[in-house]
Amino acid sequence: MKVREVITYKHYFEEFFAAQNQKVRDKIIKILIIIETIERVPVQYLKFIEGTNGLFEVRVQLGSNIFRIFWNSSITNIINFIHLFCNI
């Protein structure tokens, strides 16, 4: 059962997601499922950005690469992805 709904802003997530290899896409999907279905998401996957008004960071780590997905949660239980990038 979902406790949150993930939505995306414009086309940014879809383009970012499509550009990744299958292992990265699988890991992102796994973490999105965790975020959608678990009430208290572990901080290793989801972190509130201090000093902001509802900005969160989703971290996806695969090997030495860290993918960061930022979202805002101004509406209860709706996740709106707004920016994505990869640290290599």
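Refer to the preceding data block for the structure.
Residues numbered from 1 in each chain as written. Predicted model: local features only at pLDDT ≥ 70, side-chain atom pairs only at ≥ 80, totals over all residues. Heavy atoms only, no water.

Asker: Please give an account of the overall build of the protein chain that cites residues and values.
Answerer: Each helix and strand in the protein chain was counted, giving 2 helices and 5 strands. Per-residue burial for the protein chain yields a buried fraction of 35% across its 88 residues. Of the contacts formed within the protein chain by residues at least 6 apart in sequence, a portion of 41% connects residues at least 24 apart. Accessible surface, the protein chain as shown: approximately 5700 Å² in total, 55% of it carbon and sulfur. (Helix = DSSP H or I, 4+ residues; strand = E, 2+ residues; numbered from the N terminus. Buried < 20%, exposed > 50% of the residue type's maximum accessible area, 1.4 Å probe, protein only. Contact = heavy atoms within 4.5 Å. Areas by Shrake-Rupley, 256 points an atom, 1.4 Å probe, with all protein chains shown as cover.)

Asker: Explain the pattern of salt bridges to me, using residue names and the numbers behind them.
Answerer: In total, this model carries 3 salt bridges according to the counting rule given. Two residues, E36 and K2, come together in a salt bridge whose shortest N-O distance is 3.4 Å. Taken as a pair, E36 in helix α2 (residues 22-37) and K2 in the segment before β1 (5-8) lie far apart in primary sequence, 34 residues in all. Relative accessible area serves as the criterion here: at 52%, K2 is assigned to the exposed category. Between E57 and R59 there is a salt bridge, with the nearest N and O atoms lying 3.4 Å from each other. A relative accessible area of 5% places E57 in the buried class. One continuous salt-bridge network, built from bridges that share partners, spans E57, R59 and R68. (Salt bridge = Lys/Arg side-chain N within 4 Å of Asp/Glu carboxyl O.)

Asker: How would you summarise α2 if you had to cite specific residues and measurements?
Answerer: Across its 16 residues, α2 extends 22 Å between first and last C-alpha, which sits within 8% of the 22 Å expected from 1.5 Å per residue. For α2, the full list of buried residues reads V24, R25, I28, I31, L32, I34, I35 and E36. (Expected span 1.5 Å × (residues − 1).)

Asker: Tell me what's going on with the nonpolar core, and back it up with residues and numbers.
Answerer: Among the nonpolar cores identified, the biggest contains 18 residues, and I28, V58 and V60 are the most heavily contacted of them. Those elements that place two or more of their residues in this core are α1 (12-18), α2, β3 (55-62) and β4 (65-72). Looking at this core, the element that brings in the most residues is α2, giving 6 residues. (Core = buried A, V, L, I, M, F, W, Y, C linked by side-chain atoms within 4.5 Å.)

Asker: Go over the packing of aromatic side chains with me, naming the residues and quoting the values.
Answerer: Any pair of aromatic rings gets described here by the distance separating the centres and the angle formed by the planes. Throughout the structure, instances matching the rule amount to 3 aromatic pairs. Judged by centre distance (5.5 Å) and plane angle (25°), the rings of F13 and F17 are stacked. Taken together, the residues F13 and F17, both in helix α1 and 4 residues apart, mark about one turn of the helix. The exposure class of F13 is buried, given its relative accessible area of 11%. For the ring pair F16 and F67, a centre distance of 6.2 Å and an interplane angle of 70° mean the geometry is edge-to-face. With a gap of 51 residues between them, F16 in helix α1 and F67 in strand β4 connect regions that are remote in the sequence. Each member of the pair, F16 as well as F67, is classed as buried. (Phe/Tyr/Trp six-rings, centres within 6.5 Å; stacked < 30°, edge-to-face > 60°.)

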